Each structure stands twice: as structure tokens, then as C-alpha cells.
Amino acid sequence: IKTQVGIVGGGPAGLLLSHLLAKSGVENIVVESRDHDTITHTHRAGILEAGSVKLLTDTGVDGRVLTEGDEHAGIDLRFNGESHPLDFRDLVDATVTLYAQNEVFVDLAAARKRDGGDVRYESEVTEVFDLETETPKFRFTDKDGATFEVHCDILVGADGSRSFCRRAVPGTQDYKTEYPFAWFGILTEAPKSAPELIYANSPHGFALISQRSETVQRMYFQCSPDEDVNQWSDDRIWTELQKRVDGPDGFQLKTGPIFDKTVLGFRSFVREPLSHGRMFLVGDAGHTVPPTGAKGLNLALADVKVLFEAIDSFYSTKDDALLQGYSDLALKRVWKAQNFSYWMTSMLHTSPNADPFSLKRALGELETVTSSRYGQQYLAESYTGWPHS
Ligand code: DHB
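Looking at an unreviewed UniProt entry, one finds the chain named p-hydroxybenzoate 3-monooxygenase, with Crystallibacter crystallopoietes as its source organism.

Written out as C-alpha cells, the structure is:
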């Protein structure tokens, strides 16, 4: 198969890039190992920065994010059992949109189908090679066992945190840090417990009260990385979540049947550089953030925007200067998001072996942020997303 851009990975990052390139007349193919249904039912984060929403709607992916998505103009930081609302509109004149990542995938996949895009699901990449030449290549096997070789000008690794593309090449350096906790995530059939998302620091550990719709809610609580979901009855989960939001104001979670329970691992990771010859990494393939603050998907879409503009310029000017600059430019935002995600995580979570000093220090930090307009603005600006370059 001969094409201009070969994209390994058909999650939101790979599909958005494919969509943008097609709009610009650049031929491309997307090869994804999972099937459409599996990705549709994989629950991930749910917050889109305004810039991410604009990227989807301006390019004609689908307006469903505007009609089905829920605009949020703030969050509630809860600690010492007290609520501290942050009003993003007032602080930084920005909002975010609650719209689940799997819905973003559904919309992008539908747009690619509608526009006749070449997306091969259930197709496993087995080799990437000739990356340092002007015709990088990869091989893949489809679900019927047929094998194909793709020859392209530019190869993109959008294949997630366990990226085959990344592992196929050496980087200059991998940066990483681990955390001694994870998140227990649930979906429940219940009404909203509060109008905005609640990020709670408590002596029992962190909890996040998020939402999906009027009737389905998403919640998380800090747990051990090796927690076994089978040990957790609905009752036990509700008791644990409630403990973490308890306070003198008597705030009560609205409960209901829990229909999904998963443990999400925590990691910070960056591969540098995000390119190798004519291969470019986007999204989780190049970097991973812990989930606190919901930067993962937004960062992936921001990478795609930068890479798309570089590829577009390469074809219109025959000059690869922007492609050469992709890694440096994308990494600037990546490290800002790494810092924000790490900061939110460390400020809100309780390490299993934290000493009393660390616990009180984190509360001092939360008090510093919430008692100052500058502090609130710092958080609000990062949460709603820095301008796209
Ligand atoms: C959600 C996940 C996050 O990590 C976050 O910071 C906010 C919301 C969610 O899944 O709804």
C-alpha cells in the first residue's frame, strides 16, 4: 500500500490526524489493533478543554460534543470537609466541556467513515522500518491473517502508552515517575450529586465526583495499585466514597447501582524526542500523565494539531522545517501538562506512607491556592488549557 501518511493507532489522536489530513488533501491510512466496539466501550476521562472542542467542531467532526456535551464553568476543591468553588469563567474567562473520550472516538470514527477514510480495525502492526529514509514503512496483519506493507512519506505512532512504534526505536531519554496509588473508577446509575465536579482531598485519600449525564455518574477514589475490584461490593464503595467527601456541611453523595468497576494505573512518562527520522509520536505513545486534571486526551489532540500543521506545511512548501521542529514544540505543552498533572495529583492525594507533616503541608497548599485569586487563576488557566501554539 502506497500512501502519504501512515498512522499506527486509531484512537482519538490517530483518527483526528487522519481527518485533518484528509480535509487538506493528504492521503493517509490508519491501522488499529482493536475493534471499533472495544474502543467504544473503553471508559476513559471526560473533560475537554475549550481548545479541544474547537478543534473538533471547527473541522467538521461532529457538533455532538456541543449538543450532548455539558459545559462546566468551574470545579469544587474540597478539603477539610469544606467546599471551595472555583469559577473558571470569572477567573480566566474560559470553560471546559464534559464529554466522554469514548464519545470523541465514536464521532471521529463516524466522520472518517462518512468521508471515506481508510481505517483498518483489528489489524496488528508487526514491524516498522526504514524510518530514517524518505520512505518509512510498516507491516500489518488484518483479522483474516492477510499481511500488508505500507510505504509512506511520514509515519505516525498514535498507538497509545504501550506504543509499538515507540518501543521500536531508541529515544535520547525516557523520563518517568511512579506513584504509590491508583484510582478505583466506577460508573453508576444515579443522579448528579453536585452541579460541578468535586476534587476532594481527605484523610482517607482522594476522591473525584464526576458525571456522565443526568442519570449516569462517574466517580473515582484513590486506591492501592494492586486493588482487586472483586473485593468491593457496591455498599463498600459508597461508604468509602462518602467518607472522602464528608464534612460539617452534611454533603451526601447520591447513590445508585454501580455497573462498571476498574482500577486505573498512575504514571508520568515522557519520551524525548517525539520523533525518529520520519516517524513522529503523538499522544500517549510519546507521553503519559496521571489522570488528575484530565490532561491526557487534550494533550494528544494538541500534539495532533501541531503535527498536522507541520505535515501540511511539508506538502505545501516541500520544506520539512516544521516537521523537524515538531518534537520541541509539542514537548513545551507536554511538560506544562506533566507539571500540572503531577501538581494536582500530589496536592490532592495522600501517599500511603505520608508523614503528618506532608499531610498538613498539602492542606496549606490547597489553602494557598483557594484563598488567593492568583492561585485560583493559576489552577483555572491550566485546567481549562493553555492557548494552542
Ligand atoms: C474525569 C476524569 C478526570 O481525570 C478528571 O480530572 C475529571 C473528570 C472523568 O472521567 O469524568
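Draft legend 1. Representation of the overall build of the chain. Each helix and strand counted, the chain has 12 helices and 22 strands in total. A compact globule built from 389 residues should have a C-alpha radius of gyration of about 21 Å, and the chain, at 21 Å, falls within 12% of that. Seen through its C-alpha atoms, the chain measures out along the principal axes to roughly 65 × 40 × 40 Å. Expressed as a percentage of its 389 residues, the buried residues of the chain come to 44%.

Draft legend 2. Examining the site of the ligand more closely. In the region of the ligand, the neighbouring residues are Ala45, Gly46, Ile47, Leu197, Leu208, Ser210, Arg218, Pro291, Thr292, Gly293 and Ala294. The residue inventory of the shell around the ligand, partitioned by class, reads six nonpolar, four polar and one charged. Two domains share the shell around the ligand, each providing at least three of its residues, namely domain 1 (5–72 + 95–177 + 267–345) and domain 2 (178–266 + 351–384).

Draft legend 3. Structural view of unusual backbone geometry. Note the cis peptide between Glu272 and Pro273, where omega equals -10 degrees. Among the structural elements, Pro273 can be located in the loop between β19 (267–272) and β20 (275–276). Within the chain, Asn80 stands out as a residue other than glycine whose phi angle is a positive 50 degrees. Positionally, Asn80 belongs in the loop between β5 (74–79) and β6 (82–87). Not every positive phi belongs to a glycine, and Glu122 is a case in point at roughly 50 degrees. Looking at the element boundaries, Glu122 is found in the loop between β8 (118–120) and β9 (124–129).

Draft legend 4. Region of interest: the domain arrangement of the chain. When the domains of the chain are assigned, the result is domain 1 (5–72 + 95–177 + 267–345) and domain 2 (178–266 + 351–384). Computed over C-alpha atoms only, the centres of domain 1 and domain 2 are separated by 29 Å. On the domain 2 side, the residues contacting the 16 residues of domain 1 number 18 residues. At the level of elements, β7 (96–98) and α10 (321–348) are the ones that each hand at least two residues to the side of domain 1 that touches domain 2. In terms of residue class, the side of domain 1 that touches domain 2 is made up of seven nonpolar, seven polar and two charged.

Draft legend 5. Fine view of the UniProt feature "domain: FAD-binding" (unreviewed entry) in the chain. UniProt records the feature "domain: FAD-binding" (unreviewed entry) at residues 2–340, using the numbering of this structure. The span residues 2–340 is 32% helical and 30% strand by assignment, and the distance between its end C-alpha atoms comes to 41 Å.

Draft legend 6. Representation of the environment of Val26 in the model. Structurally, Val26 can be placed in the loop between α1 (12–23) and β2 (28–31). When the 21 C-beta atoms within 10 Å are taken as the criterion, Val26 is described as buried. In sequence terms Val26 and Tyr378 are 352 residues apart; their C-alpha atoms lie 39 Å from each other.

Draft legend 7. Quick peek at helix α12 (residues 373–384). With 12 residues, α12 should reach 16 Å at 1.5 Å per residue; the first-to-last C-alpha distance of 16 Å fits that figure. Among the residues of α12, those classed as buried are Gln376, Leu379, Ala380, Ser382, Tyr383 and Thr384. Among the residues trailing α12, Gly385 stands out with phi positive, at a value near 105 degrees.

Draft legend 8. Fine view of the nonpolar core. Membership of the largest hydrophobic core comes to 103 residues, with the highest contact counts inside it found for Leu17, Val156, Val282 and Leu307. With 12 residues, the top contributor of residues to this core is helix α9 (residues 296–317). Both domain 1 (5–72 + 95–177 + 267–345) and domain 2 (178–266 + 351–384) contribute no fewer than three residues apiece to this core.

Draft legend 9. Spatial organisation of the packing of α9 against α10. Running from amino to carboxyl end, α9 crosses α10 at an angle of 165 degrees, the nearest separation of the two axes being 9 Å. When the interaxial angle is binned, α9 and α10 end up roughly antiparallel. Between α9 and α10 lies a crossing of right-handed hand. Facing α9, whose interface residues are Leu299, Ala302, Asp303, Val306, Leu307, Glu309, Ala310, Ile311, Ser313 and Phe314, α10 presents Leu322, Leu323, Tyr326, Leu329, Ala330, Arg333, Val334 and Ala337.

Draft legend 10. Structural context of the sheet that holds β7. Strand order in the open sheet formed by three strands is β3-β7-β4, with antiparallel pairing between adjacent strands. What marks the edges here is a single partner per strand, and that holds for β3 (47–49) and β4 (70–72). Between one strand axis and the next, the sheet turns through 35 degrees on average, direction left out of account. In the sheet, β3 pairs with β7 via three bridges, with the strands oriented antiparallel. Residue pairing across strands places Glu49 opposite Val96, the latter belonging to β7. Along the sheet face, helix α3 (residues 50–58) touches β3 and β7 and points at about 80 degrees away from the line of β3.

What counts and how
- Residues numbered from 1 in each chain as written.
- Predicted model: local features only at pLDDT ≥ 70, side-chain atom pairs only at ≥ 80, totals over all residues.
- Helix = DSSP H or I, 4+ residues; strand = E, 2+ residues; numbered from the N terminus.
- Rg over C-alpha atoms; globule rule 2.2 N^0.38 Å.
- Buried ≥ 20, exposed ≤ 12 C-beta atoms within 10 Å, placed from the backbone.
- Near = placed C-beta within 6 Å.
- Nonpolar A, V, L, I, M, F, W, Y, C, P; charged D, E, K, R; others polar.
- Domains from an automatic or database assignment.
- Contact = placed C-beta atoms within 7 Å.
- UniProt positions renumbered as here; feature names shortened; annotations may be inferred.
- Expected span 1.5 Å × (residues − 1).
- Core = buried A, V, L, I, M, F, W, Y, C linked by C-beta atoms within 7 Å.
- Axes fitted to C-alpha atoms, helices over the stretch in contact; angles between N-to-C directions.
- Parallel < 35°, antiparallel > 145°, perpendicular 65-115°, else oblique.
- Left-handed = near helix turned anticlockwise from the far one by under 90°.
- Pairing = 2+ DSSP bridges.

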